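# Secondary and tertiary structure notes
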Amino acid sequence: MIYTCTYVSPLGDILLAADEVGLTGLWFEGQKYFANTLPNQHIPQETEILTETKKWLDIYFSGKEPEFTPPLHPAGSAFRQAVWKILLQIPYGQTITYGEIARKMGEMKNTSRMSAQAVGGAVGHNEISIIIPCHRVVGTNGSLTGYAGGINKKIALLELEHADMSRLFVPKKETAL
């Protein structure tokens, strides 16, 4: 069974979802792909995993790096799972490019090339935003693009983490990567 609750963040309401294993979803209200993996049958009830996630978010939104990660249980293909595992390794307050992730994926698969677009699709369909930090992924040229929660939230999250934003910019017309 999936359980849900709402977290009120400084950037807007966040819907949290979890099963008995771990967090399955964390979406900003109204974001692209909002709750698209949430089954129709779910119970609005706070569980231990959801309580732990709220504590993590309280620490995060206070401007500190949480020293723990709530149990996570994202659903996705092996490729997406591998990309999300890389996202979890991005240090707090730092960024990585889609191309760097594609390079790491290529190394893992013993291939010389991996599509940055395919990586972008996996990053964009991350159902547990913030904790699996897709907001830390930027374009190779430093463009702030591709965040399902919206560019303004991506900027706010990076600023909250005191990320070096000096080389980053918002493209005039947002592109996929």
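In case you missed it, the structure is sitting above this.
Below: a short report on this structure. Everything numeric in this text was worked out from a predicted model, so none of it was measured.

## Here's the deal with the sheet that holds strand S4 (residues 43-44)
If you walk across this open sheet you meet the four strands as S3-S2-S1-S4, and the pairing is mixed. The sheet terminates laterally at strand S3 (23-28) and S4, the two strands that pair on one side only. Pairing analysis gives seven bridges linking strand S1 (residues 3-9) to strand S2 (residues 12-18), with the strands arranged antiparallel. Paired with Cys 5 across the bridge in S2 is Leu 16.

## Quick look at the layout of surface pockets
There is about 210 Å³ of room inside the second largest pocket. Around the second largest pocket, the lining comprises 14 residues; the ones closest to its centre are Trp 56, Glu 65, Thr 69, Ile 131 and Arg 136. The residue inventory of the lining of the second largest pocket, partitioned by class, reads eleven nonpolar, one polar and two charged.

## A closer look at the pairing of S3
Taking burial as the measure, the six residues of S3 include six buried ones, the bulk of the element. Hairpin connection from S2 to S3: four residues lie between these consecutive antiparallel strands.

## Thoughts on the pattern of salt bridges
The full count for this structure, using the stated rule, is two salt bridges. Of the charged contacts, one joins Lys 54 and Glu 46 as a salt bridge, the two residues approaching to 2.9 Å between their closest N and O atoms.

## Regarding the packing of helix H2 (residues 78-87) against helix H3 (residues 98-108)
Between H2 and H3, the shortest axis-to-axis distance is 10 Å and the interhelical angle comes to 120°. Our classification of the angle between H2 and H3 gives oblique. When you trace H2 past H3, the crossing you get is right-handed. Contacts between H2 and H3 involve Phe 79, Ala 82, Val 83, Ile 86 and Leu 87 from the first element and Ile 101, Lys 104, Met 105 and Met 108 from the second. Tallied by class, residues from the contact of H2 with H3 come to eight nonpolar, no polar and one charged.

## Focus on the packing of H3 against helix H4 (residues 116-124)
At a minimum axis separation of 8 Å, H3 and H4 run at an interaxial angle of 105°. Considering the angle they form, H3 stands roughly perpendicular to H4. Between H3, through Tyr 98, Ile 101, Ala 102 and Met 105, and H4, the contact on the second element is made entirely by Ala 116, Val 119, Gly 120 and Val 123. Split into classes, the residues belonging to the contact of H3 with H4 amount to seven nonpolar, one polar and no charged.

## A short note on empty space enclosed by the protein
Evaluation of the coordinates by the stated rule reveals one cavity of 30 Å³ or more. Empty space within the largest cavity amounts to approximately 60 Å³. Forming the boundary of the largest cavity are Gln 31, Val 123, Gly 124, Asn 126, Ser 129, Cys 134, Gly 146, Tyr 147, Ala 148 and Gly 149. When grouped by side-chain class, the residues that make up the lining of the largest cavity number four nonpolar, six polar and no charged.

## Digging into the packing of aromatic side chains
Aromatic rings in a pair are described by how distant their centres are and how their planes are angled relative to each other. According to the stated counting rule, one finds five aromatic pairs in the structure shown. Measuring from centroid to centroid gives 6.2 Å for Tyr 7 and Phe 61, while their planes differ by 20°, and the two rings are stacked. Taken together, the residues Tyr 7 in strand S1 and Phe 61 in helix H1 (residues 48-61) connect sequence positions 54 residues apart. With relative accessibility at 12%, the residue Phe 61 sits in the buried group. Through a chain of ring-to-ring contacts, the aromatic side chains of Tyr 7, Trp 56, Tyr 60, Phe 61 and Tyr 92 assemble into a single cluster. The ring of Phe 28 carries Lys 153 above its face, with NZ or CZ at 5.3 Å from the centroid.

So, how was this worked out
Residues numbered from 1 in each chain as written. Predicted model: local features only at pLDDT ≥ 70, side-chain atom pairs only at ≥ 80, totals over all residues. Heavy atoms only, no water. Pairing = 2+ DSSP bridges. Helix = DSSP H or I, 4+ residues; strand = E, 2+ residues; numbered from the N terminus. 1 Å grid on protein atoms, 1.4 Å probe; cavity = no way out; pocket = protein on both sides within 12 Å on 5 of 7 lines; lining within 4 Å. Points joined across faces, edges and corners; volume = space filled by probe spheres on them. Nonpolar A, V, L, I, M, F, W, Y, C, P; charged D, E, K, R; others polar. Buried < 20%, exposed > 50% of the residue type's maximum accessible area, 1.4 Å probe, protein only. Salt bridge = Lys/Arg side-chain N within 4 Å of Asp/Glu carboxyl O. Axes fitted to C-alpha atoms, helices over the stretch in contact; angles between N-to-C directions. Parallel < 35°, antiparallel > 145°, perpendicular 65-115°, else oblique. Left-handed = near helix turned anticlockwise from the far one by under 90°. Contact = heavy atoms within 4.5 Å. Phe/Tyr/Trp six-rings, centres within 6.5 Å; stacked < 30°, edge-to-face > 60°. Lys NZ or Arg CZ within 6 Å of the ring centre and 35° of its normal.

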